[in-house]
2 protein chains.
Amino acid sequence: MDITKYLNRAELNASDKRPLYLQIALVVADKIQKQILPPGLKLPPERELADLFAVSRTTAINAYRKLEQQGLVWTKVGSGTYVAQARDAEPLSEVPWPQLFTAYPQNPLASILREIVSSPAPGTISLAAGMPDPDLYPLDTFRELFNSRIGRTSPADFGHIPIEGYQPFRLAIAAMLNEKGILASTENILALSGSQQGLYLLSKVLVEPGDYVVVEAPTFIGAIQVFQAAGARVLSLPCSEKLSLELLEDFLIRYRPKLFYVIPTYQNPTGRVMPENERRDLLNLAQRHRLVIVEDDPYSDLYYGERPPQALKALDSYGGVIYLGTFSKILFPGLRTGYLAGPPVLINRLALEKQLIDLHSNNIAQWLLAMFLHEGKLAQHLSTVHREYKKRRDTMAKALRRFCANDLEFVIPEGGFYFWCQLKQAVSSQRLLQEAAKQRISFVPGEAFYSVSSRDQEFRLCFAAHNETILLESVQRLAKTLAQITKRNKEKEAQPSLLWPII
Amino acid sequence: MDITKYLNRAELNASDKRPLYLQIALVVADKIQKQILPPGLKLPPERELADLFAVSRTTAINAYRKLEQQGLVWTKVGSGTYVAQARDAEPLSEVPWPQLFTAYPQNPLASILREIVSSPAPGTISLAAGMPDPDLYPLDTFRELFNSRIGRTSPADFGHIPIEGYQPFRLAIAAMLNEKGILASTENILALSGSQQGLYLLSKVLVEPGDYVVVEAPTFIGAIQVFQAAGARVLSLPCSEKLSLELLEDFLIRYRPKLFYVIPTYQNPTGRVMPENERRDLLNLAQRHRLVIVEDDPYSDLYYGERPPQALKALDSYGGVIYLGTFSKILFPGLRTGYLAGPPVLINRLALEKQLIDLHSNNIAQWLLAMFLHEGKLAQHLSTVHREYKKRRDTMAKALRRFCANDLEFVIPEGGFYFWCQLKQAVSSQRLLQEAAKQRISFVPGEAFYSVSSRDQEFRLCFAAHNETILLESVQRLAKTLAQITKRNKEKEAQPSLLWPII
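Residues numbered from 1 in each chain as written. Chains lettered and ligands numbered in written order. Predicted model: local features only at pLDDT ≥ 70, side-chain atom pairs only at ≥ 80, totals over all residues. Heavy atoms only, no water.

> Outline the relation of the copies chain A and chain B, supporting the account with residue identities and numerical values.
With an RMSD of 0.2 Å, the fit of chain A onto chain B corresponds to turning through 180 degrees and sliding 0.0 Å along the axis. The two molecules are tied by a two-fold rotation axis, judged by turn and shift. Residue Asn 147 of chain A of chain A places its C-alpha closer to the rotation axis than any other residue of that unit, at 3.1 Å. The fraction of interface residues of chain A whose copies in chain B are also interface residues reaches 100%, indicating that both copies meet through the same surface. (Least-squares fit on C-alpha atoms with pLDDT ≥ 70 in both. Contact = heavy atoms within 4.5 Å.)

> Could you give me a rundown of the domain arrangement of chain A, with the residues and numbers involved?
Partitioning chain A into domains gives domain 1 (3–93), domain 2 (108–134 + 380–489) and domain 3 (138–376). Just the C-alpha atoms count here: the centres of domain 1 of chain A and domain 3 of chain A sit 55 Å apart. (Domains from an automatic or database assignment.)

> Quick rundown of the pattern of salt bridges? Include the residues and the values.
Across all of its chains, the model carries 42 salt bridges over all chains by this definition. Note that Arg 254 of chain A and Asp 250 of chain A form a salt bridge whose closest N and O atoms lie 3.0 Å from each other. With Arg 254 of chain A and Asp 250 of chain A both in helix H11 (residues 245–255) and four residues apart, this pair spans about one turn of that helix. Classification of Arg 254 of chain A by relative accessible area gives exposed; the value is 56%. Glu 435 of chain B is the salt-bridge partner of Arg 488 of chain B, the closest N and O atoms lying 3.2 Å from each other. Of this pair, Arg 488 of chain B sits in helix H18 (residues 468–491) while Glu 435 of chain B sits in helix H17 (residues 429–438), and the two are 53 residues apart along the sequence. (Salt bridge = Lys/Arg side-chain N within 4 Å of Asp/Glu carboxyl O. Helix = DSSP H or I, 4+ residues; strand = E, 2+ residues; numbered from the N terminus. Buried < 20%, exposed > 50% of the residue type's maximum accessible area, 1.4 Å probe, protein only.)

> Please provide a residue-by-residue account of the packing of helix H9 (residues 195–206) of chain B against helix H10 (residues 221–229) of chain B, values included.
All names here are of chain B. At their nearest, the axes of H9 and H10 sit 9 Å apart, and the two run at 25 degrees to each other. With respect to H10, the axis of H9 lies roughly parallel. Two packed elements cross with a definite hand, and for H9 against H10 that hand is right-handed. Contacts from Gln 196, Leu 199, Tyr 200 and Ser 203 of H9 reach H10 at Gly 222, Ala 223, Val 226 and Phe 227. The residue inventory of the contact of H9 with H10, partitioned by class, reads five nonpolar, three polar and no charged. (Axes fitted to C-alpha atoms, helices over the stretch in contact; angles between N-to-C directions. Parallel < 35°, antiparallel > 145°, perpendicular 65-115°, else oblique. Left-handed = near helix turned anticlockwise from the far one by under 90°. Nonpolar A, V, L, I, M, F, W, Y, C, P; charged D, E, K, R; others polar.)

Right, dumping it as structure tokens:
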């Protein structure tokens, strides 16, 4: 065979900055692994290899040395270098990785959430991810803060800091919460690598396998996943219209759940706001049963009309409410910074758990946020995004009414990021999503927000991440999708799906 | 009683920026909780309260309203505001937090590690924390990068990114590893919130309760803690002189451990470098037994003479070595960014676990590091710190020889951060630490690095965090401590300590 066809300088990538010997070794290794260079084949002598790749002889020697280390070639003294035989022992000696892993619950939601977080295919308008619009990130303010303050900050602030967080950050958070009527001092605050981490830590500290937890249905996917991964059984409390406190009390008596996870303001995905009287009734019930409430509050600063009612945590007189906040929705997700407010004894126990996970959260983000908050930049930024997101919400509501009114029902959200849509005809949102992909539009099917299967004729649209022109276009694509489904639905009746055994 | 003594403007802190009504409510709440204002006491009318604190009547009303919400006062219409009775139901209705927590292993090391990470008492020279010197953090370079590049980066890069990490960061890490002879492409790299997180994720994915893992003895505290928290039984392999591969093989056959955690280069705490032939022998043994090796490599870039041998991962021909790296020692800990290199199937499984914990690591740090590495700033920085840390090591070695040679034995480390000292006389390092505190100096007692109790006459000194003047002073304080202990030891014989039952 003509080896020079496979081994020459053209196989290298000119922009590759790795040492040449390694690049050459990788080219040869690739051909061996693909059996283009079969076992037993004699390879070119070092001098010849050097010529083929136009490199020094030392480089060629090092390339063969690397391949020998990897067991891919062997050198017969006085004879030359040969492609190694696929050793009999080789398959046996490989590490069977997947078989060594601990069991992982095969939750179909995991892949859905991954898909949502990852970027969409080109040309597709994604209304899936619950993210603010990158064009609105206040990066210039952060540049200004970084540039002007780093010289005035003690370098030690970028060393190790307490697990609970960077002290000026905790102070700024306590002050911000006090403004909202939540009594808190620094000892009540734990800095988090995103509020997701708060859910994770709480599941480690409060939930054992077999325990019950209550969530709203529908609710945030990531919370369901964390509780299920902790081995919890998840009880669903319908929340689309009104929280049924009777059902919650029934759950409390029957199953003694360890906690109730709730998003009272601009709920994800429904956009619902729990009215103040419902909040008080919930707290009374919780107090009677010593129920721990985990209040997740990522959206309450994003109101487009009236301010929403005070947080449960602000109304909490029995001390059973744990509060989670984040900057991912009001600033940008890449900060990966959230916080938890709770009693010091809880903060302390959570910190012990957090130490194992990451010692403490990123100092740079906490340092930037502490200054951002202290200087009142948040209020300025919020007034900008209020104005912009309100316009987007209104545009989308108008477009949905105009183009999709026959097919969809929805309530206009008073804040947050989402329209929660109900399909009027018998189409699953999963099927709708598949059809929508053809029109290059995506969203999150309703199923993703339930821990038990739902009737699944719902889906969530995020209106925050795109400007009005794109939103308008997206609704038109959605309308086209719906029209095509209606047409086909008339052609054939849906078959009920049954589960066949796999044999 | 004269209420005005307790309720007046002097009780407020002028620099407190919280709303006045809240500050007043906090003052009153504090007096009620301390029973200075006893239950049933009639509080000043709103107008009077307003006068006492020199605030508007509305502010006074809001303060009482807040206290009423908290259940601390109650208003009798037409009569006034009273301190609420400590309700009979009150103690019952509080949430008994600590009793709700999942069990946590009472590992005495936890508090030691926390103490090390936290800052020392004023005036004390801490040789405890394994941290670079804050004066050497390259913050100016980071300022320059942040300032000049943020405008040229897509804002979307500060939104959500893949769990596995920021792509340019993964690329830069792969290139860096290739330079070190470790074959890796981006799919082999997982970005971590510090290498501590890599240990945590591996313990979640590879270790079930009751499994065995092998560690060197002594070794990094944080690793022992993570494995123990995962329910593992930890087997100790003595490493002070030479790794006993015979004992390791015995462990492998007898206990089938899930992994071997090892720091081959400038080991923490001993400073030892595993010679190349020992590395090859270890890999051969590991290959025969399909042993998974977790290679932790925070220090190999910090050499003060010859470069150390190649990483185990670079010599690994059977694919069983998982590699952990971090920027905490070579740059600064506040970046909270590390990385793991391993087969894609493992990266994928670890990412599923990481998603639950923090979705992905901080973008800002990954973005800064990607530029820092891409532009070759790391090599510049390393040459600066090599020079500086080499001087510090030499100064400390000289001082220890001069002032402590009668009491201590140690080997001069060729790299890394630590002197590992053996006490010649029968003094526990714990006792030495207590005495040293009086001389205002601290270090880590040897016991902290063992999963089983040791003879405990060892301790670790970090020479990286202070300049030569301070190091010299610290060794003199240490010498003084040792002299006092010797004197007292001569006065009385140590009593053997026995365990008495607690009855």
